[in-house]
Amino acid sequence: MLRAMVFTMAAIMVGGSAAAAEPDGDPIARGGAIYREHCASCHGAEAQGAPNWEEPNAAGELPPPPHGPEGHTWRHSDDELRHMIAKGWRDPFNRTQRLTMPAFGAILSDAEIAAVIAYLKTLWTDEQRAFQARRNAEKNAGETPR
Ligand code: HEC
């Protein structure tokens, strides 16, 4: 299972050759559609994030960040992104305990989460994509079973 996922992600990274495994064709186009349906309401139609996304709001929660070059999505490995999207996420310094980033594991399939991550990668600069690819390589080296 994990091996299959790693293989799928590797295939997407080498240029969308996982399309054959995608029932609806191009995973990036599919990921864009998933983004607009499930993510844009919080992260913005252009993935620009909420206004003042760097400052905690009145409740002491960090607002939805942008996913483009000005954000920090690109700093996370594929594993981390998959985890945040499937299980949800909150900044550890938020004053509340709730998952401000909702869990999509029961709503989106593994392939849909992989597709939306493939789409997010299109929003980064070449340097950010290269940085993130190195993060993946570091993570996969040594392959600790989880
Ligand atoms: C209800 C609003 C909401 C929706 C809908 C939502 N998010 Fe989020 N997301 C957030 C918030 C808020 C954060 C910031 C959490 C924090 O760091 O405290 C976040 C953080 C993230 C992060 C981590 C970014 C980083 O650099 O730390 C990723 C990745 C992400 N969201 C992806 C998605 C994707 C993909 C979808 C759609 C499948 C989605 N989000 C839908 C609110 C949302």
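Just so we're clear, the structure is a prediction, and the values are computed from it rather than from any experiment. (Residues numbered from 1 in each chain as written. Predicted model: local features only at pLDDT ≥ 70, side-chain atom pairs only at ≥ 80, totals over all residues.)

Attention shifts here to the site of the ligand. Neighbouring the ligand are 25 residues, the closest being Cys39, Cys42, Asp91, Thr100 and Met101. Put simply, the parts of the chain that give the shell around the ligand at least two residues each are helix 3 (40-43) and helix 4 (78-87). (Near = placed C-beta within 6 Å. Helix = DSSP H or I, 4+ residues; strand = E, 2+ residues; numbered from the N terminus.)

This part is about the packing of helix 2 (residues 27-38) against helix 5 (residues 110-121). How two helices sit against one another is set out by the angle between their axes and by the gap between those axes. Running from amino to carboxyl end, helix 2 crosses helix 5 at an angle of 95 degrees, the nearest separation of the two axes being 7 Å. Taken together, the axes of helix 2 and helix 5 lie roughly perpendicular to each other. Here Pro27, Ile28, Arg30, Gly31, Gly32, Ile34 and Tyr35 of helix 2 lie close against helix 5, whose contacting residues are Glu112, Ala114, Ala115, Val116, Ala118 and Tyr119. (Axes fitted to C-alpha atoms, helices over the stretch in contact; angles between N-to-C directions. Parallel < 35°, antiparallel > 145°, perpendicular 65-115°, else oblique. Contact = placed C-beta atoms within 7 Å.)

A separate point is the environment of glutamine 97. In this structure, glutamine 97 sits in the loop between helix 4 and helix 5. Linking glutamine 97 and glutamate 61, residues 36 residues apart in sequence, is a C-alpha distance of 9.3 Å.

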